[in-house]
Amino acid sequence: MNNHIRRLTQSDLPRLRDFWIEQWGSDFMVVHNDVIRYDEVEGFIYEDWAGVITFMIRGEECEITSLDSMSEGKGVGTALVGEVLRETKEKKCRRIFLITTNDNLHALGFYQRRRFELVAIHRGALNESRKIKPSIPLIGENNIPLRDEIELEMIF
């Protein structure tokens, strides 16, 4: 394990809850019409919360559920993704994937540069997600209408 990274523990959950509220607007996320709560995920923390990645392993699949770096361009996100990839391989997963939104151009580039491939566009998915989480905005980053989920994956 990278010496700047440590595993998320039960004692971190209150801080993770606050972190998600601060970064994502609530203590849960809605992805592909599933509710993902802060206390249901595994994760890694980079140096005193300079970055956090959360994920869920189900069978032979690992889903990255959130990635936040508080200092862009310094390798924090790359190191955290690398740690999840290491764990995914160790646990014999065959696929690692994530969902992002159509407005998140930064994430789309970030993951593709790290060998993730676009595999699906779930058109109109955020209209369904808003039924569960009405606080999801209509307009996202770069003034792009927020409506679709984009799925990226890496197969081992």
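Check the entry above for the structure.
Residues numbered from 1 in each chain as written. Predicted model: local features only at pLDDT ≥ 70, side-chain atom pairs only at ≥ 80, totals over all residues. Heavy atoms only, no water.

J.: Can you walk me through the side chain of Asn 102 in this structure?
T.: Note that Asn 102 resides in the loop between strand E7 (95-101) and helix H3 (105-113). By relative accessible area, which is 14% here, Asn 102 ends up buried. A distance of 3.0 Å separates the side chain of Asn 102 from the backbone nitrogen of Arg 147, its partner in a polar contact. Of note is the side chain of Asn 102, whose polar atom sits 2.9 Å from the backbone nitrogen of Asp 148. Beyond its immediate chain neighbours, meaning those up to four positions away, Asn 102 contacts Leu 126, Ile 144, Pro 145, Leu 146, Arg 147, Asp 148 and Ile 150. (Helix = DSSP H or I, 4+ residues; strand = E, 2+ residues; numbered from the N terminus. Buried < 20%, exposed > 50% of the residue type's maximum accessible area, 1.4 Å probe, protein only. Polar contact = N/O pair within 3.5 Å; in protein donor to acceptor, adjacent residues only side chain to side chain. Contact = heavy atoms within 4.5 Å.)

J.: Any chance you could explain the sheet that holds E7 here in plain terms?
T.: Think of a sheet as strands paired side by side through backbone hydrogen bonds, with each pair either parallel or antiparallel. Pairing is mixed in the open sheet, where seven strands are placed in the order E1-E4-E5-E6-E7-E9-E8. Because the sheet does not close on itself, it has two edges, and the strands there are strand E1 (5-7) and strand E8 (117-122). Strand-to-strand twist across the sheet, computed as the mean angle between neighbouring axes with direction ignored, equals 25 degrees. In the sheet, strand E5 (residues 51-58) pairs with strand E6 (residues 61-69) via eight bridges, with the strands oriented antiparallel. Within E6, the position partnered with Phe 55 by the bridge is Ile 64. (Pairing = 2+ DSSP bridges. Axes fitted to C-alpha atoms, helices over the stretch in contact; angles between N-to-C directions.)

J.: Can you help me understand H3 in this one?
T.: Note: α-helices contain 3.6 residues per turn, so residues at a spacing of three or four share the same orientation. Within the sequence span of H3, burial applies to Ala 107, Leu 108, Gly 109, Phe 110 and Tyr 111. In this structure, the buried residues of H3 make contact with E6, helix H2 (76-90), E7, E8 and strand E9 (149-155). Within two residues after H3, Arg 115 carries a phi angle of roughly 75 degrees, on the positive side.

J.: Is there a simple way to explain the nonpolar core in this structure?
T.: Inside soluble globular proteins, nonpolar side chains tend to come together where they are buried. Core analysis: the largest hydrophobic core is formed by 26 residues, its most contacted members being Tyr 111 and Phe 116. Contributing elements (two or more residues each) for this core: strand E4 (42-46), E5, E6, H2, E7, H3 and E9. Of the residues forming this core, the biggest block, six residues, is contributed by H2. Setting aside anything within four residues of it in sequence, one finds Tyr 111 in contact with Ile 64, Leu 67, Val 81, Leu 98, Phe 116 and Leu 152. (Core = buried A, V, L, I, M, F, W, Y, C linked by side-chain atoms within 4.5 Å.)

In short, geometric facts, not functional conclusions.
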